[in-house]
Amino acid sequence: MRLLSRRGPRLLTALLAGSTLTLTGCGEDDKTPTGPVDVTVMTRNIYLGGNIFLLAQAKTRQEIPGIAGQLFATVQATNFQERAGALAAEIAEKNPALVGLQEVSLYRTQYPSDFFSNGAVNALVDASDFVAILQQQLRERGLDYRIAARVRNADSELPAALSSNANDLTDIRLTDYDVILARGDVRTSEVVERNYVNNAQVATGGGSVTFTRGFTKVDATVDGARFTFVNSHVEGIMPANEQQSRELVAALGGYSQPVIVVGDLNSGPGSPTPGYGILRDAGYTDAWTVAGSGPGFTCCFSDRVNDTSTAALDERIDLVLYKGDRLQPVSAEVVGDELGDRTASSLWPSDHAGTVVTFRIER
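Quantities reported herein were computed from a predicted structural model and do not represent experimental measurements.

Reading guide: rules and limits
- Residues numbered from 1 in each chain as written.
- Predicted model: local features only at pLDDT ≥ 70, side-chain atom pairs only at ≥ 80, totals over all residues.
- Heavy atoms only, no water.
- Salt bridge = Lys/Arg side-chain N within 4 Å of Asp/Glu carboxyl O.
- Helix = DSSP H or I, 4+ residues; strand = E, 2+ residues; numbered from the N terminus.
- Buried < 20%, exposed > 50% of the residue type's maximum accessible area, 1.4 Å probe, protein only.
- 1 Å grid on protein atoms, 1.4 Å probe; cavity = no way out; pocket = protein on both sides within 12 Å on 5 of 7 lines; lining within 4 Å.
- Points joined across faces, edges and corners; volume = space filled by probe spheres on them.
- Nonpolar A, V, L, I, M, F, W, Y, C, P; charged D, E, K, R; others polar.

On to the pattern of salt bridges, then. For the coordinates displayed, the defined rule picks out 10 salt bridges. When the shortest N-O distance is used, the salt bridge between E333 and K94 registers 3.1 Å. With E333 in strand β15 (residues 327-335) and K94 in helix α2 (residues 80-94), this pair connects stretches of sequence that are 239 residues apart. Of the charged contacts, one joins D155 and R173 as a salt bridge, the two residues approaching to 2.8 Å between their closest N and O atoms. Remark: R173 occurs in strand β6 (residues 169-183) and D155 occurs in strand β5 (residues 145-161); sequence separation between them is 18 residues. Comparing D155 with R173, the two get one shared label, buried. Members of the salt-bridge network, linked through shared partners, are E93, K94 and E333.

Pasting the structure below:
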């Protein structure tokens, strides 16, 4: 997600906390391998489908349904079913051991709306489950990727005018997740799924709402190489960007090295937000500065993701950072940033491009 001036955060009406658990994947061969191993990782903000920050323009509750209806129409027009095919094709080509996903959305509906009578977050009819759709696209390509960690961030429900009758409302519920996908041969354990304590508060609709973010962590083993993998979506506005970045650094201090951190950190070289510098000051190296070439821009296409050029990409905020003596980035590239990456109807896979890095890790 771009900084607030271009890509706002998710609008919440309710908060749900994360959890911590342990999850183990497939076993390893009995043979103990020796020497270094190359491990590829990816970070991908897959885009919730619309610029939800537009809801902050509502000055009263009564203005919300019209804006929400327009946003849901954009979500449908940006067609995640189609975009998921392009994302799955990227994963198939790059074959990452682990993928950090942000803005993994679950849309649910309820008709008729009961929002103005009780304001409950209670829509249950599935409209679009992004992670299920993406996993199906991966399976159709013969790929085995499971959910290794998933943190629930935003869980928001608002009334939307989906027809010409402004009084005929449907509640639209968005639940936002950050997800780590692990390839079938990757062993994972010691899972952490956590929300940040500090989150942004923004005025909207005559009131204020809190935007919850979070991070996920697994300990991973790939061909005998062990490392910690962390995925996060950090807030783009202040002071939450600084607060969450410091929370993340504090959490990382308790994890075993080497550590790889990926995500939409809403901060990068030259950004007005300090998160990038906070991580660098804590000893984390930006893999792009070691193994990448060129500006490596990843953000951001238009709300409709139908741009006819890549001119809108002018920030590098989708990052892969690392710390530890036993790993070294050997290649880094941006994906989803070329005209040929678009879908058959000329949609970009996301409003972000992604970053893929291959590390050489000592076993």
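Let us now look at empty space enclosed by the protein. Tallied over the entire structure, the rule returns three cavities of 30 Å³ or more. Approximately 180 Å³ is the volume attributed to the largest cavity. Lining the largest cavity are 16 residues, and of these I52, L55, Y107, I172 and L174 lie nearest its centre. The set of elements that each furnish at least two residues to the lining of the largest cavity consists of α1 (64-77), β5 and β6. Residue classes in the lining of the largest cavity are distributed as 12 nonpolar, two polar and two charged.

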